[in-house]
Each structure stands twice: as C-alpha cells, then as structure tokens.
Amino acid sequence: MSNVHSCYSFLNLAVTMITKDILISASGLHKSFGEVHAVNGVDLTIPAGEIYGLVGADGAGKTTTLRLLVGALSLTSGEASVSGHSIKSQAEQARANIGYLSQRFSLYEDLTVLENIRFFAEVRGLKPNEWYPRCMEILDFVGLAQFKDRRAGQLSGGMKQKLGLASALVTRPKVLLLDEPTTGVDPVTRQDFWQLLIQLVSVQSDGVSVIISTPYMDEAARCHRVGFMKKGQIIAEGTPGQLRTCLLYTSDAADERSRVDLGGRRFIKKKKYEYT
C-alpha cells in the first residue's frame, strides 16, 4: 500500500466512521487461481453515502474484487462483511443488502422492460402487491417508465444499462456494486448514468454505498474516494483531490527503478507519487 493510502485514508475514515455507518468492510481479501493471485490483500472500508471507484487496467483485479464481495467467488483468504453480515458465514443476509450489475448484464430480450424487472423483483422475494409499484417507481427514476412495454432486445445500449441499474435497485439495496457499467456506451448516456448514481446517493435518507469499477479517469473524478488497483492490490487510495495533489507532474526521472505503471500511466515512487 502506498504512502498516499497511509497519508490520507486513515484520517478520512476516522472522520467518516464517527458520523456514518460502515456498509462494506473487507480485510486482506485474497483470491488465487492456481499460481495467479487475482486479488492479493485488498482492504476496504466504505461508509454509507459514498461512491468508491476502483480504477485500473484490464486484469488489475477489479471484477474479481466485486465478485468476492457479492459472494459469486469464494475467498482464498481474508474477511469481508456487507451491512454487518459476513460473506462467509452469513452469505444470504449479506446478498440481501446488495444490488449487483455485472459487466455483461443478461437481459431476457424477448421480455418487455417491465417483465424483466418484475422477474428480478420476484426472484429477490418481492410479493405480488409490492413488485409493481416498486418496479414503476424505479423505472421512473431511471427514465424508462415510458418504455415499460418495449421488448428489451429493442433497447439501445444505454437503455439496457439503465434497465440493469433498475434491476439492481429494485429491492432497495444498501450496497450497490457496479462493474464497469458505462463501458461501450456513448458520452451522453455515461453522463446520464452518473447523474442517476449521484441522485441515488443524495436522496437515500438511510444511506447507500456504491462501489463502481471503471477504466475512465473522468469517472474516477466523480467518486468520493478512489482506489488504484494493480496486480490485485490497491496501491493508492484517497479522494480525487488528494490523489491529484500527490500525483504531481515532474520531469525528474532519476530513479528509474522506483517507477510504477498504473494502466499505461507512469509514476515515480519517491516521498510521494509524481505524475510523469
């Protein structure tokens, strides 16, 4: 873990823990596939009302980290809890508090928008007198209410992503895990999607935590905190402003052995990270 992490994150969390509930807590997350360490000692502490960005190149470990938190993969070692429930010993209670949107959200293209979200609502246990008003409420929130009778296969890419978000939100989860939800959609749709996330965090009176993985630096700048991932580890963490302060431009490349590569961006590891 970098000096950025140790310098800022402890102080930030000490302050937020006083005023907000911790909805996601993870310590020493580790997942190996044979000799490959996909996640290698990840620690996370995320309070209610926070959007946390996982940023890194392909293969950095972002998707595997999210799949560990949702319980889709078993931990090699480490501990994690969601809304106070251990993902090891209380997996069902933990999942009941999670809304998850994977990279490849699978829609039933022959079903309508409303039928798709109804399916996810009933699978997650909403009763017949509950699912319809909740489905219409969330479809209105994401801007798809007028398209409720359109087949999912006829939706644009951006509209499909909004339907995916609606499906993840239908059970009012306390934790939202989003795996590169805006990859491959146009800039306007990306903007709309982020406006929905910001509204979601701001309007939820009881607080919701969001972890979003993204390869886009402009999206990382919208998060409350960001963690840079490389080779299964979070090597730098802080608010966007703090990271910008610590990733300073420099022409001094004297210590080549201390260079760190973050998804195509080069950094020199000295007393602090410097952008080169």
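Above this note sits the structure.
All values reported here derive from a predicted model rather than from experimental measurement.

Draft legend 1. Seen up close, the nonpolar core. Core analysis: the largest hydrophobic core is formed by 44 residues, its most contacted members being I117, L139, L163, L165, L176, L178 and L197. When neighbours within four sequence positions are excluded, L139 is seen to be in contact with V113, L114, I117, L144, A145, K148, L163 and A166. Counting residues in each nonpolar core, the second largest holds 28 residues, with I24, A26, I46 and I98 among its members.

Draft legend 2. Seen up close, helix α4 (residues 113-123). The set of residues buried in α4 consists of V113, L114, N116, I117 and A121. What you see down the axis of α4 is that its buried residues fit within an arc of 165°, all on one side. The elements touched by buried residues of α4 are α5 (128-142) and α6 (157-169). Just past α4, the residue G125 takes up positive phi, approximately 100°.

Draft legend 3. Structural detail: the packing of aromatic side chains. Scanning the entire structure with this criterion turns up 3 aromatic pairs. Consider the rings of Y108 and F119, whose centres lie 5.2 Å apart with planes at 75°: the pair is edge-to-face. Taken as a pair, Y108 in the loop between β6 (98-101) and α4 and F119 in helix α4 lie far apart in primary sequence, 11 residues in all. Residue Y108 is classed as partly exposed on the basis of its relative accessible area of 42%. On the numbers, 5.4 Å between centres and 80° between planes, the contact of F119 with F120 is edge-to-face. Sitting above the plane of the Y216 ring, R190 keeps its charged end 4.0 Å from the centroid.

Draft legend 4. Up close: the pairing of strand β4 (residues 77-82). Here strand β1 (residues 22-33) pairs with β4 via 5 bridges, running antiparallel. Across the sheet, residue S25 finds its bridge partner in β4, namely S81. Two strands pair when backbone bridges link them, and β4 and strand β5 (residues 85-86) are joined in this way by 2 bridges, in the antiparallel orientation. Residue S81 lies in a different strand from β5, and its bridge partner there is S86. Connecting β4 to the antiparallel partner β5 that follows it, the hairpin turn spans 2 residues, and S83 within it adopts a positive phi of roughly 55°.

Draft legend 5. Expanded view of the environment of G157. Locating G157 in the fold gives a position in helix α6. Note on G157: relative accessible area 44%, which makes it partly exposed. Sequence separation between G157 and T189 is 32 residues, and the spatial gap between their C-alpha atoms is 9.0 Å.

Draft legend 6. Inspection of the packing of α4 against α6 at higher detail. Running from N to C, α4 and α6 cross one another at 30°; their axes reach a closest spacing of 9 Å. Our classification of the angle between α4 and α6 gives roughly parallel. Of the two possible hands of crossing, α4 and α6 adopt the one that is right-handed. On α6, the residues touching V113, N116, I117 and F120 of α4 are L163, A166 and S167. Looking at the contact of α4 with α6 residue by residue, the class counts come to 5 nonpolar, 2 polar and no charged.

Draft legend 7. Region of interest: the sheet that holds β1. Pairing is antiparallel across the open sheet formed by 4 strands, whose spatial order is β2-β1-β4-β5. Two strands in the sheet have a free side with no partner beyond their single neighbour: β2 (36-47) and β5. Across the sheet, helix α2 (residues 62-70) is in contact with β1, β2 and β4; its angle to β2 comes to roughly 60°.

Draft legend 8. Broad picture of the pattern of salt bridges. Evaluated as defined, the whole model comprises 13 salt bridges. The salt bridge involving R118 is made with E122; its shortest N-O contact spans 3.2 Å. Taken together, the positions of R118 and E122, both in helix α4 and 4 residues apart, correspond to about one turn of that helix. Among the residues examined, R118 registers a relative accessible area of 36% and is labelled partly exposed. A residue is classified by how much of its surface remains accessible, and E122, at 36% relative accessible area, is partly exposed. The residue R225 makes a salt bridge to E237 at a minimum N-O spacing of 3.6 Å.

Rules and cut-offs
- Residues numbered from 1 in each chain as written.
- Predicted model: local features only at pLDDT ≥ 70, side-chain atom pairs only at ≥ 80, totals over all residues.
- Heavy atoms only, no water.
- Core = buried A, V, L, I, M, F, W, Y, C linked by side-chain atoms within 4.5 Å.
- Buried < 20%, exposed > 50% of the residue type's maximum accessible area, 1.4 Å probe, protein only.
- Contact = heavy atoms within 4.5 Å.
- Helix = DSSP H or I, 4+ residues; strand = E, 2+ residues; numbered from the N terminus.
- Arc of directions from axis to C-beta.
- Phe/Tyr/Trp six-rings, centres within 6.5 Å; stacked < 30°, edge-to-face > 60°.
- Lys NZ or Arg CZ within 6 Å of the ring centre and 35° of its normal.
- Pairing = 2+ DSSP bridges.
- Axes fitted to C-alpha atoms, helices over the stretch in contact; angles between N-to-C directions.
- Parallel < 35°, antiparallel > 145°, perpendicular 65-115°, else oblique.
- Left-handed = near helix turned anticlockwise from the far one by under 90°.
- Nonpolar A, V, L, I, M, F, W, Y, C, P; charged D, E, K, R; others polar.
- Salt bridge = Lys/Arg side-chain N within 4 Å of Asp/Glu carboxyl O.

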